[in-house]
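Understanding the architecture of this molecule
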Amino acid sequence: MATVKESTARSSRELVITAQQHILEQQQAHAPDAGGTFSWLLSGITLATKMIEAKVRRAGLLDVLGSAGETNVQGETQQKLDIYANQALLHCLGLRDTVAILVSEENEEPVTFDRARETGKYVIFFDPLDGSSNIDVNVSVGTIFSIFRRPPKMDGGIEAAVLQPGWKQVAAGYVVYGSSTILVYSAGKGVFGFTLNPDIGAYVLSHDNLRMPHQGNFYSVNEAQAHTFPAPYREYIGRLRSGALGREYSSRYVGSLVADFHRTILKGGVFVYPPTRGYPRGKLRLLYEANPLAFIAEQAGGMACDGEQRILEIQPREIHERTPLVVGGRAELEEFQRCWRATQ
Ligand code: AHG
Ligand code: MN
Ligand code: MN
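What counts and what doesn't
- Residues numbered from 1 in each chain as written.
- Chains lettered and ligands numbered in written order.
- Predicted model: local features only at pLDDT ≥ 70, side-chain atom pairs only at ≥ 80, totals over all residues.
- Heavy atoms only, no water.
- Helix = DSSP H or I, 4+ residues; strand = E, 2+ residues; numbered from the N terminus.
- Buried < 20%, exposed > 50% of the residue type's maximum accessible area, 1.4 Å probe, protein only.
- Polar contact = N/O pair within 3.5 Å; in protein donor to acceptor, adjacent residues only side chain to side chain.
- Patch = residues over 30% accessible without salt bridge, like charges linked within 9 Å, V, L, I, M, F, W, Y side chains within 5 Å.
- Areas by Shrake-Rupley, 256 points an atom, 1.4 Å probe, with all protein chains shown as cover.
- Salt bridge = Lys/Arg side-chain N within 4 Å of Asp/Glu carboxyl O.
- Donors = N, O, S within 2.8 Å, 3.2 Å for Na, K, Ca; no water.
- Core = buried A, V, L, I, M, F, W, Y, C linked by side-chain atoms within 4.5 Å.
- Domains from an automatic or database assignment.
- Contact = heavy atoms within 4.5 Å.
- Axes fitted to C-alpha atoms, helices over the stretch in contact; angles between N-to-C directions.
- Parallel < 35°, antiparallel > 145°, perpendicular 65-115°, else oblique.
- Nonpolar A, V, L, I, M, F, W, Y, C, P; charged D, E, K, R; others polar.
- Near = heavy atom within 4 Å.
- Pairing = 2+ DSSP bridges.
- Buried area = accessible area lost by both parts, 1.4 Å probe.

This brings us to the side chain of His 320. In this fold, His 320 is placed in the loop between β14 (303-305) and β15 (325-328). Residue classification places His 320 among the buried residues on the basis of a relative accessible area of 9%. There is a polar contact of 3.2 Å between the side chain of His 320 and the backbone oxygen of Glu 108. Of note is the side chain of His 320, whose polar atom sits 2.7 Å from the side chain of Tyr 288.

Structure (structure tokens):
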């Protein structure tokens, strides 16, 4: 017969598994030597996203809507919330002594911390606010992050530490500020989703071991640019539309990568951002948009490529470089690869 203590422990565990608990359990199971540094690091990210969420939820009431009248390194108009989100992440992560380097979409250069080699173990990339052009019209936005270990020797300096291929990520995740606020992350042993419970201020496990459906019913691309897509992409979209994959597809395009990706991992299908006349290398950034989402997609059984190769095998050349991105279920990606080969 279970003792009171045991049954209480079991019932409370059945009730609520927070992201903090889950990360600790993952770490004890898969990286016992990490000694809690990894979960301490992730708590910095979850704290920052709760600060961002509080502002996003009140955007119409606070003076955080609209542009900040600045442009970022990308030459894009910065929204006030872009700046707030960036400051929240820099602040919360800067306080974690396990962080050696931070790379943000909103900062031209990496932010380095003078940490001893044995403490400053991690390099973190983030898009503090993804889809920010959608804030003023109350459409879902998000935060994306990607975590690497700092190379032990650091003989290549900062460059060697930040220009690592995506397959070296130790973890990646995103938060989508939508009808609810959901954190999705992977530390290399599956994908897990946590919904923010505002009553207790904690992310609670809501999607245990997420798997990307083999084939879905949605394709997601900005159709307005379709006439400027390279031939493989035009051929591919045509085949999705014509039922060549054995089913009818619907088109869904939110215009916030995190929202379009979250639907894709839950419902299946494919998200495509091809090279366009305006963005000959595609619009999305490799290090803090494509890499983390490709890592998560593959951990959930999906695929992600840039046409030529797996996103995770791209050797970065500079921190804000862009890449074409095709990410989704195995059926849709294998069809894209067929179109790619047929038009080379
Ligand atoms: P960000 O707000 O971080 O600059 O990202 C915007 C990106 C991405 O969220 C979305 O998929 C894409 O821009 C939409 O671009 P288009 O408006 O060109 O379709
Ligand atoms: Mn973005
Ligand atoms: Mn952004």
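Structure's up, so let's keep going.
Turning our eyes to something else, we now look at a nonpolar patch on the surface. Judged by side-chain polarity, Val 137, Val 139 and Val 254 come together as a nonpolar surface patch covering roughly 210 Å² of accessible area. Structurally, the position occupied by Val 254 is in the loop between β12 (250-251) and α7 (257-267).

It is worth spelling out the coordination of the manganese ion (ligand 3) at this point. Coordination of the manganese ion (ligand 3) by the protein is provided by Glu 105 (OE), Asp 127 (OD) and Leu 129 (O), with metal-donor distances spanning 2.1 to 2.3 Å. Mapping the donors of the manganese ion (ligand 3) onto the primary sequence yields the spacing E-x21-D-x1-L. A separation of 3.7 Å is found between the manganese ion (ligand 3) and the manganese ion (ligand 2), which are bridged by Asp 127. With a gap of 22 residues between them, Glu 105 in the loop between β3 (99-104) and β4 (111-112) and Asp 127 in strand β5 (residues 122-130) connect regions that are remote in the sequence.

Surrounding the manganese ion (ligand 2) are the protein donor atoms Asp 127 (OD), Asp 130 (OD) and Glu 289 (OE), at 1.9 to 2.1 Å. For the manganese ion (ligand 2), the donor residues sit on a single chain with the sequence spacing D-x2-D-x158-E.

Let us now look at the nonpolar core. Ranked by size, the top nonpolar core spans 42 residues in total, and within it Tyr 174 and Leu 325 carry the most contacts. With nine residues, helix α8 (residues 286-299) is the largest single contributor of residues to this core. Each of domain 1 (9-207) and domain 2 (218-342) gives at least three residues to this core. Excluding residues within four positions of it along the chain, Leu 325 makes contact with Leu 257, Phe 271, Val 272, Tyr 273, Leu 284, Ala 290, Ala 304, Cys 305 and Ile 311.

At their nearest, the axes of α7 and α8 sit 12 Å apart, and the two run at 10 degrees to each other. Considered as vectors, α7 and α8 are oriented roughly parallel to each other. Residue-level inspection shows Leu 257, Phe 261 and Ile 265 of α7 in contact with α8, the latter providing Glu 289, Leu 293, Ile 296 and Ala 297. In terms of residue class, the contact of α7 with α8 is made up of six nonpolar, no polar and one charged.

Below, the discussion takes up the site of ligand 1. Around ligand 1, the structure places 18 residues, and the nearest of them are Asp 130, Gly 131, Tyr 253, Leu 257 and Tyr 273. For ligand 1, an oxygen atom lies 2.7 Å from a polar atom in the side chain of Asp 130. Measuring from an oxygen atom of ligand 1, one finds a backbone N or O atom of Gly 131 at 2.8 Å. In isolation ligand 1 exposes 470 Å². Once the protein is present, 86% of that is buried. Looking at the shell around ligand 1, the elements with two or more residues in it are β5 and β13 (270-273). Among the elements that line the shell around ligand 1, the one with the most residues is β5, at three residues. The class makeup of the residues in the shell around ligand 1 is six nonpolar, five polar and seven charged. Of the residues that make up the shell around ligand 1, three or more belong to each of domain 1 (9-207) and domain 2 (218-342).

Here we have eight strands laid out as an open sheet, ordered β4-β3-β5-β6-β7-β8-β9-β10, and mixed in their pairing. At either end of the open sheet lies a strand with only one pairing partner, and these are β4 and β10 (202-207). Of the strand pairs in this sheet, strand β6 (residues 141-149) and strand β7 (residues 171-177) are connected by seven bridges, and their pairing is antiparallel. Across the sheet, the residue bridging to Ile 147 is Ala 171, located in β7. In this fold helix α4 (residues 80-94) packs onto β3, β4, β5 and β6, with an angle of close to 155 degrees to the strand it touches most, β5. Helix-sheet contacts for α7 involve β5, β6, β7, β8 (181-186), β9 (191-197) and β10, and the interaxial angle to β7 is about 105 degrees.

With that settled, consider the domain arrangement of the chain. Assigned domains within the chain: domain 1 (9-207) and domain 2 (218-342). The gap between the C-alpha centroids of domain 1 and domain 2 is 23 Å. With 48 residues of domain 1 at the contact, the number on the domain 2 side is 33 residues. Counting each side, the surface lost to burial between domain 1 and domain 2 is near 2800 Å², with a carbon and sulfur contribution of 63%. Among the residues of domain 1 in contact with domain 2, Ile 144, Leu 163 and Tyr 174 are the three that bury the most area, contributing 20% of the side total. The interface formed by domain 1 and domain 2 includes one salt bridge. In this structure, the salt-bridge partner of Arg 285 is Glu 105, at a minimum N-O distance of 3.2 Å. At the junction of domain 1 with domain 2, the criterion picks out 15 residue pairs in polar contact (both at pLDDT 80 or more). Elements with a minimum of two residues in the side of domain 1 that touches domain 2: β3, β5, β6, β7 and β8. Broken down by element, the residue count for the side of domain 1 that touches domain 2 peaks at seven residues, all from β6. Taken together, the residues of the side of domain 1 that touches domain 2 sort by class into 24 nonpolar, 17 polar and seven charged.

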